[in-house]
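The primary structure of each chain is shown beneath.
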Amino acid sequence: MTANDPPQNEPQTASGNRPDLAVGSPQPPGPPNLAERQKSDLPARTTNWIALAVMALLAIGAGLAFQVNRSRRVVPQGPTRQDWIDLHSRATQLRSRGRLNEAQQAAVAAVEIAPAVYPAGHFAIPESLNMLGLILTDSGRYEDAIASFQQAIPMLEAIFGPDTKEVAQVAGNMGLALTKYGMFDEADKVLRAVRAAIVAATGPESDDTLQATTNLAVLFEARGKHAEARPLLEEVLRIRRENTGPASLETARAMTDLATCLRRIEDAEAADGSRREQIKKLYQTASLIQTRLLPADSLTVATTLSGRAKLALLEGDLETAEQLALESLAIRQARLGPTHRTVAIPYLLLAEIGEQTGNVSDAETYFNRALQIRLARLRPDHPQAIETLVEVAGFHERQAATAKLRDILEALVAAQTRGGGRPAEQAATLERLAGVLRTLAAEKEEELKLADATAESKAPNIEAGATADELLQREKVEPGQQETAVEVKSADEPATETVESLLARAADLDKQAEAIRLKEADRISAEAKNAEASSADTPAAGAEKNPAGPQAASTEPAPSAVDQTPKPAGGLDQPPAPPSSEPAVTPAEKAAEKS
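Here the structure is a predicted model, which means the values were calculated and not measured.

(A) Molecular detail of the overall build of the chain. Assigned secondary structure in the chain consists of 22 helices and 0 strands. Taken across its 595 residues, the chain has 37% of its residues classed as buried. In the chain, once contacts between residues fewer than 6 apart in sequence are set aside, the share between residues at least 24 apart is 64%. Only carbon and sulfur atoms are counted for the fraction: they give 55% of the accessible area of the chain, which is about 34,200 Å².

So this is what it looks like as C-alpha cells:
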C-alpha cells in the first residue's frame with residue numbers, strides 16, 4: 001500500500017470514494033415515506049406522553065403537600081415571642097400617645113403571654129409587669145399599679161440581684177405610684193433606698209440618678225416640704241444643663257419642675273412676689289424649648305401651660321391665664337380623657353379665674369368638676385382631694401352659700417378624720433363647721449319667727465263660742481280632709497333639723513376640736529420633756545458612744561444627705577403597709593408643728 005492508496009476502511013471504487021456512484025452497482029433504497037416514519041416513531045412517542053403524565057401527577061402531589069404545610073405554618077398552635085414583642089411595643093407607643101385604655105389592653109395581653117413564650121426567669125416577664133404598672137399609674141389606678149410593681153421586683157432581684165440598677169428603676173416607679181396614691185411614709189422609704197442604690201450603681205450625675213432625685217423631690221412637694229424639694233430640683237437643673245445642654249428637653253422639664261416648686265413656695269409663704277421674675281423666666285424658657293422639640297398636644301406642653309397660667313393669674317393677667325388654662329385643658333382631655341385626675345388642674349385654674357372676673361356661675365361649675373374628678377379618681381383622704389375640698393369650701397364661704405359650705409365641710413371633716421389631715425387642721429375644720437351650724441341655726445330661727453308672724457297676721461278672727469263645725473265650715477275643709485293632710489305630711493316628709501339639734505351638734509363639734517387640741521398639746525409637751533431628758537443624759541451616759549451629740553441621732557436626714565439613707569429592711573420589694581386611719585407623724589412634721 002502506497003501513500004496514494006485509499007484508506008483500508010473505505011472501499012475503493014471506480015468513482016473514487018463514493019461506492020454508491022460506482023458503475024453497475026445497485027442503488028441504495030430511498031428514504032421511507034411519512035406513513036412508515038410515523039409508524040416507526042409511535043412506540044417512542046407513547047413512552048414520552050406517559051412520562052409527561054407521571055411528572056405532571058408528581059408535580060400536582062408536591063404542590064398539594066406544600067399548600068398543606070404552608071397552611072399549617074400560617075395558623076400557629078399558640079403565641080410566639082414575636083407576638084409578645086409586638087404587644088409590648090404597641091403598649092409602649094400607645095402610652096406615649098396618651099391612649100391609655102388601648103395601651104392597657106396591649107399590656108395586659110403581653111403580661112398574659114410572656115410566661116408562655118419565655119422561660120421562667122426571663123427579663124420579658126417582669127418587664128411586662130413594669131409596663132402595665134406604668135400605664136395603670138398614668139390612668140390613676142394606683143392600687144393596681146403598686147400590685148403590678150410588687151410582682152415585678154422579686155423577679156428582677158432573682159435575675160439581676162437585689163441592689164442593681166434594674167431593680168431600683170422599677171422600685172422607683174412603685175415609689176412614684178405610692179406618692180401619687182398618698183402613701184407618703186411608704187413612698188419615702190422606697191424612694192430614698194432607690195436613690196441610694198442608683199447612686200452607688202451609676203454615679204451621682206447619671207440620668208437614672210437625676211430621675212430618682214426628681215421623684216424624691218416630687219414626694220417632698222406632695223408632703224408640702226417645698227423647701228426640701230427646692231435644692232434637689234436646683235441640683236437636677238444644674239446637672240441637666242451641663243450634661244444635655246441648655247436647650248434640651250431634659251433641661252426644659254427640670255426648669256418646669258423647679259418653677260412649679262418656687263411658685264408653691266410663693267403660695268405657701270404669701271411672699272411679696274420677689275421670685276416671680278425667676279419663675280416666669282423658667283416657664284418661658286421651658287415653653288420655648290418644648291414648642292420647638294415637642295408636638296403641640298404633648299402632655300409635657302400641657303404641664304408647662306398650666307404653670308404659666310397660674311403665674312399669669314398671680315400677676316393679674318386674667319385673659320392670658322384663661323387662654324393658657326383652656327389650652328392645657330384641651331390637651332389633657334384629648335390625651336387622657338375627661339375624667340383623668342390631672343384634668344382637675346386646669347379646671348381649678350379656670351374656677352379661680354372665673355371668680356376673679358365675676359363669673360360666679362362658671363367658677364362654681366369648674367370647682368364642682370374638679371372636685372368630682374378628684375373624689376372619683378383618688379381616695380377621699382388623698383392630699384389633693386382634701387386640697388380641692390378646702391378650695392371649694394373657701395369659694396362657698398366667700399359667696400356666703402352657707403348650706404353648700406356645710407356639705408363641703410362635712411366631707412372635709414370625714415376625710416381628715418379618716419387620716420388625711422394633721423390634728424391642728426382637723427380641729428380648725430371642726431370649729432369651722434360648728435360656726436356654720438350656728439349660722440344655719442340662727443337663719444332657721446329667723447325663718448320660724450317670720451313664719452309665726454305671717455301666720456298670726458293671716459289667722460281668722462275666732463268668735464267666742466264658735467263650734468268646731470263652724471270653724472271647719474269657714475275654712476272650707478272637710479273633717480276627713482284635715483286629718484288626712486296631717487297624716488300624709490308626717491308620713492312622706494322627712495324630719496327636718498331643729499334649731500336645738502343644730503346648736504347641739506355645733507357644741508359637740510367644739511368639744512371634739514378642744515379634745516384634739518389638748519391631746520396634741522400633751523403630745524408636744526411630752527416630746528419636749530423627753531428631748532430635755534435625753535439631752536441632759538447624753539453627755540454623761542453616751543458621750544463616748546455618740547461623740548457627735550444628740551443631733552447625730554436624728555431620724556430625718558438633711559436634704560443634702562438623702563443618698564446616705566440606708567434601704568428599708570426587707571429589700572425594695574417589701575410591700576407597703578396599707579394606709580391607717582391615723583397616719584404616723586414624722587419627726588419633721590412634729591418639728592414643723594412645734595414651730
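(B) The packing of helix α11 (residues 276-293) against helix α12 (residues 299-314), seen in detail. Following both chains from N to C, one finds α11 and α12 inclined at 150 degrees, their axes separated by 10 Å at the closest point. In terms of their interaxial angle, α11 and α12 are classed as roughly antiparallel. Where α11 crosses over α12, the two elements pack in a sense that is left-handed. For the pair α11 and α12, contact is made by R276, I279, K280, Y283, S287 and Q290 and by T300, V301, T304, G307, R308, L311 and L314, respectively. Counted by class, the contact of α11 with α12 contains 5 nonpolar, 5 polar and 3 charged residues.

(C) View of a negative patch on the surface. A cluster of acidic residues, D317, E319, E322 and D362, forms a negative patch at the surface. By secondary structure assignment, the location of E319 is in helix α13 (residues 318-336). The exposed category is assigned to E319, whose relative accessible area is 66%.

(D) View of unusual backbone geometry. With a phi close to 60 degrees, A400 is a non-glycine residue in the positive phi region. Residue position: A400 is located in the loop between α16 (383-398) and α17 (402-420). Here A400 falls in the exposed class, since its relative accessible area comes to 62%.

(E) Fine view of helix α5 (residues 142-160). Helix length check: α5 (19 residues) gives 26 Å between terminal C-alpha atoms against 27 Å at 1.5 Å per residue, within 8%. If you check which residues of α5 are buried, you get Y142, A145, I146, S148, F149, A152, I153, L156 and E157. Within α5, the buried residues cover an arc of 165 degrees as seen down the axis, which keeps them to one side. Exposed side chains of α5 directed beyond 90 degrees from the buried face belong to E143 and A158. Next to the buried residues of α5 lie α4 (124-138) and α6 (165-181). Downstream of α5 by a residue or two, G161 has a phi angle that is positive, lying close to 110 degrees.

(F) Summary view of the environment of P380. Looking at where P380 falls in the secondary structure, it is placed in the loop between α15 (360-377) and α16. Expressed as a C-alpha distance, the spacing of P380 and R418, which sit 38 residues apart in the sequence, is 8.6 Å. In this structure, P380 is in contact with A385, I386, A415 and R418, ignoring residues within four places of it in sequence.

(G) Looking closely at the packing of aromatic side chains. A complete count under the given rule lists 5 aromatic pairs for this structure. An angle of 85 degrees between the planes, with centres 5.5 Å apart, marks the rings of W84 and Y118 as edge-to-face. You can see W84 sitting in helix α2 (residues 81-96) and its partner Y118 sitting in the loop between α3 (100-117) and α4, a full 34 residues away along the chain. As far as the burial class goes, W84 and Y118 line up, both buried. With centroids separated by 5.0 Å and ring planes inclined at 40 degrees, the aromatic side chains of F367 and F395 adopt a geometry described as tilted. Linking F367 in helix α15 with F395 in helix α16, this pair joins segments that are 28 residues apart in sequence. In terms of burial, F367 and F395 fall into one category: buried.

(H) Representation of the pattern of salt bridges in the model. Enumeration according to the criterion identifies 27 salt bridges in this entry. R99 serves as the salt-bridge partner of E102, at 2.7 Å between the closest nitrogen and oxygen. By relative accessible area, which is 30% here, E102 ends up partly exposed. Given a relative accessible area of 37%, R99 falls into the partly exposed group.

(I) Local environment of the side chain of T256. Considering the arrangement of structural elements, one finds T256 in helix α10 (residues 249-269). Classification of T256 by relative accessible area gives buried; the value is 5%. When sequence neighbours within four positions are dropped, the list of residues in contact with T256 reads Y283, A286, Q290, T303 and T304.

(J) Focus on the packing of α6 against helix α7 (residues 184-202). Where α6 contacts α7, the axes come no closer than 8 Å and their chain directions differ by 155 degrees. The orientation of α6 relative to α7 falls into the category roughly antiparallel. Regarding α6 and α7, the two cross each other, and that crossing is left-handed. Counted together, K165, A168, A171, G172, M174, G175, L176, L178 and T179 of α6 and F184, E186, A187, V190, L191, V194, A197, I198, A201 and T202 of α7 form the full contact between these two elements. Broken down by class, the residue content of the contact of α6 with α7 amounts to 13 nonpolar, 4 polar and 2 charged.

(K) Representation of the side chain of Q104 in the model. Mapped onto the elements, Q104 comes out in helix α3. When its relative accessible area of 17% is taken as the criterion, Q104 is described as buried. What Q104 contacts, discounting residues up to four positions off in sequence, is L132, I135, L136 and R141.

Conventions used here
- Per-chain numbering applies: the sequence of each chain, read as written, is numbered from 1 onward.
- Side-chain atom pairs in this predicted model are given and counted only at pLDDT of 80 or more, local residue features only at pLDDT of at least 70, and totals for whole chains, interfaces and linings cover all residues.
- Working from all heavy atoms in the structure, the side-chain values ignore hydrogens and water.
- Working definition: helices are DSSP H or I runs of at least four residues, strands are E runs of at least two. Numbering for both runs from the N terminus.
- To sort residues, take the accessible area from a 1.4 Å probe on protein chains only and compare it with the maximum for the residue type: under 20% means buried, over 50% means exposed, and anything in between is partly exposed.
- By definition in these notes, contact holds between two residues if any of their heavy atoms fall within 4.5 Å.
- Using a 1.4 Å probe, accessible areas were evaluated by the Shrake-Rupley method; residue-level cover was limited to the displayed protein chains.
- Helix axes are fitted only over the stretch in contact, all axes being lines through C-alpha atoms; the angle between N-to-C directions runs from 0 to 180 degrees.
- In these notes the angle categories are as follows: under 35 degrees is roughly parallel, over 145 is roughly antiparallel, 65 to 115 is roughly perpendicular, and the rest is oblique.
- Crossing handedness is read from the near helix: turned anticlockwise from the far helix by less than a right angle, it gives a left-handed crossing, and turned clockwise, a right-handed one.
- Lys, Arg, Asp and Glu make up the charged group, whereas Ala, Val, Leu, Ile, Met, Phe, Trp, Tyr, Cys and Pro make up the nonpolar group; the residues left over, Gly among them, are polar.
- Patch definition: residues above 30% relative accessible area lacking any salt bridge, with like charges linked at up to 9 Å and the nonpolar side chains Val, Leu, Ile, Met, Phe, Trp and Tyr linked at up to 5 Å.
- By salt bridge we mean one thing: a side-chain nitrogen of Lys or Arg within 4 Å of a carboxyl oxygen of Asp or Glu.
- Charge convention: Lys and Arg are scored as positive, Asp and Glu as negative, and His as well as the terminal groups of each chain are ignored.
- Working definition for charges: the position is that of NZ of Lys, CZ of Arg, CG of Asp or CD of Glu.
- Helix span, expected: 1.5 Å multiplied by one less than the number of residues in the helix.
- Regarding the arc, it is the one traced by the directions from the helix axis to the C-beta atoms.
- Put simply, two rings from Phe, Tyr or Trp (the six-membered ring, in Trp's case) pair if the centres are within 6.5 Å, and we call them stacked under 30 degrees between planes, edge-to-face over 60, tilted for the rest.

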